[in-house]
Amino acid sequence: MIDARSVIETTDWAGLHHAYGEASDAPEALLALLSEDPESCGATLGYLDAAVLHQGSLYPVTAPAALFVVGVLGDERTLILCESDLPWDDRERPLRAALLEWLGSVAESAADWDDDEDDDGEDEGEEGEEDDDARSAAACQAIRRDVYAAVLPFLDDADDAVRRAAVGAMGQLMLAPELAEFRGEQAQRMQRLAHHPASATAADRAAAALTLGNWGIAPQAFLADPDPSVRAAAALAPALDPDPRALAEIRRALADPGTADDWFTEHLPQLDGKLRFGLVKALLRRTRDFEEILPEALAVAQMTSTYTVDADWGPLLKRAFPERHTPDRPLTTAQRRFLSAIVDNDECWSGVANPLLWFRDAGLPHNRESLRTLVSAT
């Protein structure tokens, strides 16, 4: 067990730093997690995300801060409902759920370093920022067993948000080489949900299927789930790429991508953004010709926006134009229909420049009227 108070008292916080400088402010921020004051707790959640794990970067303060969080996870004071003070996260949930999610993010960042070959500065003989980053990563990797032990009791928590955050954190932790001995046990636990769907919510079953997929395990049993959201989540797994049932579920979900995005009212930690982003990625991975995915491409084009071009209609545009368009090459029927849907969708022309590079790479005009003229030409 980690003694949170001891972590505070024995750590040289002033000798550490985070994204914004010296970490001497860490003890006060961390202790606020036990204040039972929603505003103070929300401020610390923002601090953990913005300073201690800024955009997924690890710092010397990250590991001791994570150890403190591990030490307080079981404290009843973390059951208080609060929101992060970050403007883009307005979810009200138990503080414990937010802390579990944060520990999962720390584990994810640490896992990014597992395959890195650290040359220990042999070429340069100097220690710089890279060495500092590597030491911070090593410190976070060294505490993964402690984090695992802290997360484990909450995998069956009665609170939906806490349980899902714990499953999400466990999904990242099981990627660690030193925790591989527990992966089979955790995989069996998650696979049992496929055979007893009434024992867990659809979101829990979907989270289990997504987690198995992230571990490289084919969640085939979940393809028979009574809920379409669970089947779609399972179908995302790369290990199911050869299974025609998985492709059929992807197509079925993308027939109405807006509805698919709304299947999960609570964010699943295993999903990177909207569900349709993963669906489009899996669809493109399992198909070759644009004509065969035209129905799904049109469904996305009719509801997407300029802000999500990099994750949905941009990759579809690239598939539609594997070679740059030239004026002497007429559009195919499929290309014309897809571009017409984009032209007719006002949300794809909000003034943000995100689509510009996609149009340029395809050899297409990026002006709406010019593109309208192109698709209208006989």
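Everything here concerns the structure above.
The sections below set out a description of the structure shown in this document. Computed from a predicted model, the values in this text were never measured in an experiment.

Rules behind the numbers
- Residues numbered from 1 in each chain as written.
- Predicted model: local features only at pLDDT ≥ 70, side-chain atom pairs only at ≥ 80, totals over all residues.
- Heavy atoms only, no water.
- Helix = DSSP H or I, 4+ residues; strand = E, 2+ residues; numbered from the N terminus.
- Contact = heavy atoms within 4.5 Å.
- Axes fitted to C-alpha atoms, helices over the stretch in contact; angles between N-to-C directions.
- Parallel < 35°, antiparallel > 145°, perpendicular 65-115°, else oblique.
- Left-handed = near helix turned anticlockwise from the far one by under 90°.
- Buried < 20%, exposed > 50% of the residue type's maximum accessible area, 1.4 Å probe, protein only.
- Phe/Tyr/Trp six-rings, centres within 6.5 Å; stacked < 30°, edge-to-face > 60°.
- Core = buried A, V, L, I, M, F, W, Y, C linked by side-chain atoms within 4.5 Å.
- Nonpolar A, V, L, I, M, F, W, Y, C, P; charged D, E, K, R; others polar.

Take D243: it is sitting in the loop between α11 (228-235) and α12 (244-254). Dropping the residues within four chain positions of it, D243 is found in contact with Q220 and L223.

Take the packing of helix α16 (residues 313-320) against helix α17 (residues 333-344) next. Running from amino to carboxyl end, α16 crosses α17 at an angle of 155 degrees, the nearest separation of the two axes being 10 Å. Taken together, the axes of α16 and α17 lie roughly antiparallel to each other. For the pair α16 and α17, the crossing hand works out as left-handed. Where α16 abuts α17, its residues W313, L316, L317 and A320 lie against Q335, F338, L339 and I342.

Now for unusual backbone geometry. Note: most peptide bonds trans; most residues except glycine with negative phi. Positive phi, close to 60 degrees, is recorded for E36, a residue that is not glycine. If you trace the backbone, E36 turns up in the loop between α2 (26-31) and α3 (38-52). Although it is not a glycine, Q55 sits at a positive phi angle of roughly 50 degrees. Checked against the element boundaries, Q55 lands in the loop between α3 and α4 (62-72). Taking relative accessible area as the criterion, Q55 reaches 72% and is therefore assigned exposed.

Let's shift gears to the packing of aromatic side chains. What the rule picks out here adds up to four aromatic pairs. Seen in terms of ring centroids, Y148 and F182 are 4.5 Å apart; in terms of plane orientation they differ by 20 degrees. Their pairing is stacked. Taken together, the residues Y148 in helix α7 (residues 144-151) and F182 in the loop between α8 (160-173) and α9 (183-195) connect sequence positions 34 residues apart. Given the relative accessible area of 7%, Y148 is considered buried. The class of F182 is buried, set by a relative accessible area of 17%. An angle of 55 degrees between the planes, with centres 5.7 Å apart, marks the rings of W313 and F359 as tilted.

So, on to the environment of L298. Inspection of the secondary structure puts L298 in helix α15 (residues 294-301). L298 sits in the buried class, given a relative accessible area of 10%. The residues touching L298, leaving out its near neighbours within four places in the chain, are R337, F338 and A341.

Before going further, it helps to spend a moment on the nonpolar core. Counting 128 residues, the largest nonpolar core has L99, W102, F222, L279, L317 and F338 as the members making the most contacts within it. Of the residues forming this core, the biggest block, 10 residues, is contributed by helix α5 (residues 95-111). Beyond its immediate stretch of four places on either side in the chain, F338 contacts F290, A297, L298, A301, W313, L316, L317 and A320.

For the rest of this paragraph, the subject is the packing of α7 against α8. Axis angle and axis distance: for two packed helices, these are the angle between their axes and the distance between the axes, and together they describe the pair. The contact between α7 and α8 brings their axes to 10 Å, and the two run at 150 degrees. As summarised for this structure, α7 and α8 are arranged roughly antiparallel, according to the angle between their axes. For the pair α7 and α8, the crossing hand works out as left-handed. Taken together, the residues of α8 that come into contact with α7 (itself represented by R144, V147, Y148 and V151) are A166, A169, M170 and L173. Counted by class, the contact of α7 with α8 contains seven nonpolar, no polar and one charged residues.

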